[in-house]
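Chain and residue survey
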Amino acid sequence: METRTSSPRTELLSLVEGLAREIHGGSAPAVRLDSSLDHDLGLDSLARAELLLRIERHFGLRLPEGVLASAQSPRDLLRAVAAAPAAAGSPRFQAAVDLGAVEGRPEAATSLVEVLEWHAAAHPERLHVLFHHSEDRTEELTYAGLLADAHRVAGGLDRLGLAPGRAVAIMLPSGLDFFRAFFGTLLAGGVPVPLCPPVAMSQLAEELRRQSGILANSQSQVLISMDEAKLAGHLLKARLPGLEALATVGELAAGEPAAARPVLAPGDTALLQYTSGSTGNPKGVVLSHANLLANICAWSRAAAIDSTDVCVSWLPLYHDMGLIGTWLGSLYNACPLVLLAPTAFLERPARWLWAIHRHRGTVSAAPNFAFELCLKRTDPADLEGLDLSSWRLAANGAEPVSPDTVERFCRAFAPYGFAPGAMTPMYGLAECSVGLAVPPLGRGPVIDRIRRQPFMAEGRAQPAPADDPAALRFVACGRPLAGHEMRVVDEADRELPERTVGRLQFRGPSATSGYFRNAPESRRLFHGPWLDSGDLAYLAAGEVYPTSRSKDMIIRAGRNLYPYGAEEAIGNLPGVRKGCVAVVGAPDPAAGTERLVAVVETREQDAGRRQALVRQAGQVAREVLDTPVDEVLLVPPRAIPKTTSGKIRRAATRDRYLAGELGLPPPPLWRQLAAALVPTLGPALVRGGDRLAGWGYTAYGWLLLVPFYAVVWLLTVALGRPDWNWRLTGGAARLYLRLLGISLVVEGASNLPPGPCVAVANHSSYLDGLVLMAALKRPFSFVAKRELAEQFVAGTYLRAVGTVFVERFDAVRGVQDQKELSGLARAGRSLFFFPEGTFVHGAGLQRFHLGAFLAAAGAGLPVVPVAIRGTRQILRSGSWQLRRGAVAVAVGEAVPPPGGEVWEAALGQQKAAREFILAHCGEPDLTG
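These lines cover the structure that appears in this document, whether it is placed above or below. The model shown is predicted, which means the values in this text are computed figures rather than measured ones.

**Overview of the packing of helix H7 (residues 176-187) against helix H12 (residues 320-333)**
- Look at H7 against H12: their axes get within 13 Å of each other, and the N-to-C directions meet at 80 degrees. By the angle between their axes, H7 is roughly perpendicular relative to H12. On the side of H7, the interface is formed by Phe178, Phe179, Phe182 and Phe183, while H12 contributes Leu323, Trp327 and Leu331.
- Considering only residue class, the contact of H7 with H12 consists of seven nonpolar, no polar and no charged.

Have a look at this one:
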């Protein structure tokens, strides 16, 4: 710690100003206590992370968690310095317990839910996730705990009326609630859609624009978020009529767990993964349970991952690398996951390394920039005692792998036990779940040096001599996973020979079926059985060498230009914000080719220095690209759009350049809020009108029911003939439904036999009995729970229409009731059962009790299956609100009792009846 020669305020402002000058090339605005770190000083998240590191070193203290996200001005930093304790060395994470190996794997599982259920049954209390809220606070989650929590979340989604197969947006930061929400959605029959939670209020308008596009495309019915994002959630809900509900995980889990879960088929959608940068045309990658399990199994074998591994990660869970590659992979293989928040890594990259040290992490993955950040933002004093010898697999992927980064990282961390063979560049993409190519384990990075001129002019990757100073370098990213294939083709889909650059295509069991509700992009994705990766690459010795994104390549005068080298070189110039340069191609109709434009972020204000910077950037770009640029455009900080993971969005940069919008200052927050609110007014008025009309319809329906029911009740009591009363109620019911505007379609009514029988139907609403009496012209005796007989109004009416009451809770009385039902059936009484016994809020066909079928088999009567469709949507359990809709009733062919014992006959009739009802009720199977 340095000796104090001035006040902390002066020293802090000096540190801030010094960093600002470095970033902006020696020129920086005046730094005041209330200057905005973002807008006034142009310090992005990475620059603020560097500032925190310098503050800690200068003052000899450790700033509290969350300062990176919360501090908006030097005054906020000064308060944090005043409250911070003295530094106590490197972070001391609590070490994970050595869990030992697990016998077997869930290899027979056909869905992610079955994977979790297998682990919860095999080792319920085994640690699944250890989450570090902070350096001294952790939270654990076991397999049984995750399953139980997810069932409670599923119960909450059921109560919200989540329809089967509908999307549920999960806008949560990394943490245990994300896991609960993800599996809760699957257990409720929904489809998870991970979203990035709002990061900065200064970019609220763009955040809302991006998220609303995804929510609209996915048709999300529910948004699960946190209290801190309620404002953004309500703004999104106001502009999206299809978004029906907002909830936190705590709110969803407050009630009873879901009664049952739907049966998930391997081909069912398990996840919609939206690709980075999705805005006006969101691309939601449809991934099935089969896709994800195929990918996880394939790369787990390639990487030799098993339950003895320990995975350490800080990757965001809304990106495929963190969600699938890290979490779901750990889940499948039963290896504990040690999870840090992404901001914890950005604040202090050394935390990632120390977490690997403390927990003896063996597997950890990250994009290339994370390894680069460890090189730039760690100090030897912070690494004293660090041991990375347990780290056997350092997966480097999700963005272009820099040969310089992997070489320097291996050299820099070798003294700390890092084995060069652990560095493993990989290749993958969301359209292939996450992983596609993996190199041999333990080999280390292989870097190909190729001649520049043949590559730039003809796309040929010819090996360069060792003394060629202009050679280009690309990193090998491995061979395709087992069961998968890759090829490189030209624009006509003709396969190219090795060492020739072309479009990389792939196929295999991990490949998506397409983009959700985006037919044009799906058509562009598929080329027969092959999928276009969107990347350019070449193959050599069977390994893939990615060279660039195809959409980033610039075609100028017949030459293919790749922007990355020029962007990196310009970013190293003094006065340029590193990592904030975009080289793009803009159409030039007059020349019939593309103009080459370099967009460069700088804080420089002096006119002379700006002119010099333009000349230097143009010169550097020409040296790298071997062609001059047409324009160097200097723009202020944060003008170049980026994805949530920090990648340059070159297509969006080009579009803003063509629209003349680059460099315009962001509007003030109040104007962004106003701009976000205005589009919500129309949908809010429409929604309010719809809500008012809905409650008016509900009031009309119930007020209409009162006189109908009163008249029918009096007449049925007076008539005293169950068969007459059935027909009377049926006629009144048909009139009532007609007055409500509810159409009733009956199919297969002729299948009802003229003689005695036992009919069974699914049960999803209080309307079911009314609908059946309207649909079936011949009378039946309903079998109902005995509690209804004790109610004067309902019990009197039900007895008048011939209802038979049975006991549900007294086992002895229940057996006696079953005997009485069998006797009534033998005496020729036609009975009507709801074999599920009751109904619930959420959709789905529950298990069938055997009472109806034992009565039919014992009396030798046929069973008639009846499927009701649509009543749940009109009147749900737990709600008084009526909704407009249509009802269909399908009557199946009578199922005669098969020969043999009564028990076997009953089981046969139950199976056949349930299969018919499941096929016609339009709801999923909840039996599991």
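Moving on from the model shown.
**Concerning the pairing of strand S10 (residues 337-340)**
- Of the two faces of S10, the one lined by Leu337 and Leu339 and the one lined by Val338 and Leu340 are each fully buried.
- Traced from strand S9 (residues 311-313) through H12 to S10, the parallel crossover comes out right-handed.

**Some remarks on helix H20 (residues 607-625)**
- Between the first and last C-alpha of H20 there are 27 Å, a value that for 19 residues agrees with the 27 Å anticipated at 1.5 Å per step.
- Taken together, the buried positions of H20 are Leu613, Ala617, Gly618, Val620, Ala621 and Leu625. In a view along the axis of H20, the buried residues occupy a sector of 170 degrees, so they form one face of it. Facing away from the buried side of H20 by over 90 degrees, the exposed positions are Gln611, Arg615, Gln619 and Glu623.
- Near the N-terminus of H20, the side chain that reaches the backbone nitrogen of Gly608, with its oxygen 3.1 Å away, is that of Asp606.

**Notes on the pattern of salt bridges**
- Following the criterion strictly, the structure yields 26 salt bridges and no others.
- In this structure, the salt-bridge partner of Glu543 is Arg443, at a minimum N-O distance of 2.4 Å. On the criterion of sequence distance, the pair formed by Glu543 in strand S22 (residues 543-549) and Arg443 in the loop between strand S14 (437-438) and strand S15 (447-450) is long-range, its members being 100 residues apart.
- Under the relative-accessibility criterion, Arg443 is labelled partly exposed at 32%.
- One salt-bridge network, in which partners are shared between bridges, spans Glu139, Asp149, Arg152, Asp177 and Arg180.

**Quick notes on the packing of helix H11 (residues 289-302) against H12**
- Running from amino to carboxyl end, H11 crosses H12 at an angle of 80 degrees, the nearest separation of the two axes being 10 Å. If you check the angle between H11 and H12, you find them roughly perpendicular. Of H12, the residues touching H11 (which contributes Leu292, Leu293, Ile296, Cys297, Trp299 and Ser300) are Ile324, Gly325, Leu328, Gly329, Tyr332 and Asn333.
- When the residues that make up the contact of H11 with H12 are grouped by side-chain class, the tally is eight nonpolar, four polar and no charged.

**A look at the environment of Val488**
- Positionally, Val488 belongs in strand S18 (residues 485-489).
- Looking at Val488, the relative accessible area reads 2%, which means it is buried.
- C-alpha of Val488 to C-alpha of Leu536: the two residues are 48 residues apart in sequence and 8.2 Å apart in space.
- Here Val488 is in contact with Arg494, Glu495, Leu496, Thr500, Val501, Gly502, Arg503, Leu504, Ala537, Tyr538 and Leu539, once residues within four sequence places are set aside.

Scoring rules and cut-offs
Residues numbered from 1 in each chain as written. Predicted model: local features only at pLDDT ≥ 70, side-chain atom pairs only at ≥ 80, totals over all residues. Heavy atoms only, no water. Axes fitted to C-alpha atoms, helices over the stretch in contact; angles between N-to-C directions. Helix = DSSP H or I, 4+ residues; strand = E, 2+ residues; numbered from the N terminus. Parallel < 35°, antiparallel > 145°, perpendicular 65-115°, else oblique. Contact = heavy atoms within 4.5 Å. Nonpolar A, V, L, I, M, F, W, Y, C, P; charged D, E, K, R; others polar. Buried < 20%, exposed > 50% of the residue type's maximum accessible area, 1.4 Å probe, protein only. Right-handed = clockwise from strand over helix to strand, strands pointing away. Expected span 1.5 Å × (residues − 1). Arc of directions from axis to C-beta. Polar contact = N/O pair within 3.5 Å; in protein donor to acceptor, adjacent residues only side chain to side chain. Salt bridge = Lys/Arg side-chain N within 4 Å of Asp/Glu carboxyl O.

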